[in-house]
Amino acid sequence: MTTQQAGNKPSQLPDGRDRLPPGQRLTDGWPVLTYGSTPRIDLATWEFRIFGLVEEEKRLSWDEFNALPQIDTTTDIHCVTTWSRYDNRWQGVRFRDVMELVDVLPEASEVMFHSYGGYTTNVPLEELMGDDVMFAHTHDGQPLERDHGGPLRGMIAHFYFWKSAKWVRGIEFLPDVRPGFWEMYGYHIHGDPWKEERYVGD
Ligand SMILES: Nc1nc2c(c(=O)[nH]1)N[C@H]1C(S)=C(S)[C@@H](COP(=O)(O)O)O[C@H]1N2
Ligand SMILES: [Mo]
């Protein structure tokens, strides 16, 4: 991994926090971090399921998903293994716009992301309402590579990158906090990089 030049890049976020969270270092490359193997996904049978605490469950085909309003946004990646990568340009669909397709029951407070291959990760619902919380199919102008989660991955810039589920295939609304895959194996249940919520006990 090479070190990215921090030179011309803004070093603070609009709210005054350091752009680079504590204990992180910049990289130009984009490492692949997958537990297990990359699933093979056929777009003809690809399906996105919205379920759990919803009035009525909903399933979307690839075409239906891509017919949703599209956004274009640029975010930083922060991996818990300490690499960060600035200025990733993503295109895809905002989380809020997916959620709007169903009536979420009032008792829902948490979301579990589910992936092809069995990976899961949990995030509090209220922390998914931001403009740049999305499902991405395009990175830096190219269709997302399979190893990086193509055809579709979650992208949540304000958490460590394990919260951004590759090969995402559904969201489940839940009444309480349940640990996802890495959260069950000792990663922090919340995962805020600026608070260094890396592992259990941090
Ligand atoms: N489905 C799935 N999503 C996943 C993972 C995984 O193993 N499976 N790894 C997570 C972790 S720990 C990280 S750091 C990022 C890595 O994404 P990348 O391989 O595109 O860099 O994906 C996250 N999403
Ligand atoms: Mo990670």
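As a starting point, this report considers the structure included with it. (Residues numbered from 1 in each chain as written. Chains lettered and ligands numbered in written order. Predicted model: local features only at pLDDT ≥ 70, side-chain atom pairs only at ≥ 80, totals over all residues. Heavy atoms only, no water.)

Regarding its fold elements, the chain presents three helices and 11 strands. Counting from the amino terminus, the chain carries its helices and strands in the arrangement β-β-β-α-β-β-α-β-β-β-β-β-β-α. On C-alpha atoms alone, the chain measures out to a radius of gyration of 16 Å, which is about the 17 Å that the 2.2 N^0.38 rule sets for 202 residues. Sequence separation of at least 24 residues holds for 68% of the intrachain contacts in the chain that already meet a minimum separation of 6. Just so you have it, the chain exposes about 9900 Å², and 48% of that area is on carbon and sulfur atoms. Charge-centre separation for the chain: the mean point of 20 positive side chains lies 6 Å from the mean point of 32 negative side chains. (Helix = DSSP H or I, 4+ residues; strand = E, 2+ residues; numbered from the N terminus. Rg over C-alpha atoms; globule rule 2.2 N^0.38 Å. Contact = heavy atoms within 4.5 Å. Areas by Shrake-Rupley, 256 points an atom, 1.4 Å probe, with all protein chains shown as cover. Lys, Arg positive; Asp, Glu negative; His and termini not counted. Charge placed at Lys NZ, Arg CZ, Asp CG, Glu CD.)

We now examine the site of ligand 1. Inspection of the region around ligand 1 gives 20 residues, with Pro31, Tyr35, His148, Arg153 and Lys166 positioned closest. Between ligand 1 and the protein, one listed contact pairs an oxygen atom with a side-chain N or O atom of Trp30 at 3.0 Å. Between ligand 1 and the protein, one listed contact pairs an oxygen atom with a backbone N or O atom of Leu33 at 2.8 Å. Here ligand 1, which alone exposes 530 Å², has 98% of that area covered by the protein. Taken together, the residues of the shell around ligand 1 break down into 13 nonpolar, four polar and three charged. (Near = heavy atom within 4 Å. Polar contact = N/O pair within 3.5 Å; in protein donor to acceptor, adjacent residues only side chain to side chain. Nonpolar A, V, L, I, M, F, W, Y, C, P; charged D, E, K, R; others polar.)

A word on the side chain of Ser84. Along the chain, Ser84 falls in strand E5 (residues 83–94). A polar contact of 3.0 Å, which involves the side chain of Ser84, links it to the side chain of Gln24. Among residues more than four places away in sequence, those in contact with Ser84 are Leu20, Pro21, Gln24, Arg25, Leu26, Thr27, Ile77 and His78.

Here we take up the packing of aromatic side chains. Enumeration over the complete set of coordinates arrives at 20 aromatic pairs. Between Tyr119 and Phe181, the aromatic rings sit 5.8 Å apart at their centres with planes inclined by 45°, giving tilted as the arrangement. Of this pair, Tyr119 sits in the loop between strand E6 (110–115) and strand E7 (120–124) while Phe181 sits in helix H3 (residues 181–184); the two residues are 62 residues apart in sequence, bridging distant segments of the chain. With respect to burial, Tyr119 and Phe181 carry one shared label: buried. Grouped by ring-pair contacts, the aromatic residues Tyr35, Tyr119, Tyr160, Trp162, Phe181, Trp182, Tyr185, Tyr187 and Tyr199 constitute a single cluster. When the ring centre of Trp194 is taken as reference, the NZ or CZ atom of Arg17 above it lies at 4.5 Å. Directly above the ring of Tyr116 sits Arg169, whose terminal nitrogen or CZ lies 4.3 Å from the centroid. (Phe/Tyr/Trp six-rings, centres within 6.5 Å; stacked < 30°, edge-to-face > 60°. Buried < 20%, exposed > 50% of the residue type's maximum accessible area, 1.4 Å probe, protein only. Lys NZ or Arg CZ within 6 Å of the ring centre and 35° of its normal.)

The mixed open sheet is built from five strands, whose spatial order is E3-E2-E11-E6-E7. Looking along the sheet, the strands with just one partner apiece sit at the ends: strand E3 (58–61) and E7. Neighbouring strand axes in the sheet, compared pairwise and without regard to direction, differ in orientation by 15° on average. Inspection of the sheet shows E6 paired to strand E11 (residues 168–174) by six bridges, in the antiparallel sense. What sits directly across from Phe113, in E11, is Ile171. (Pairing = 2+ DSSP bridges. Axes fitted to C-alpha atoms, helices over the stretch in contact; angles between N-to-C directions.)

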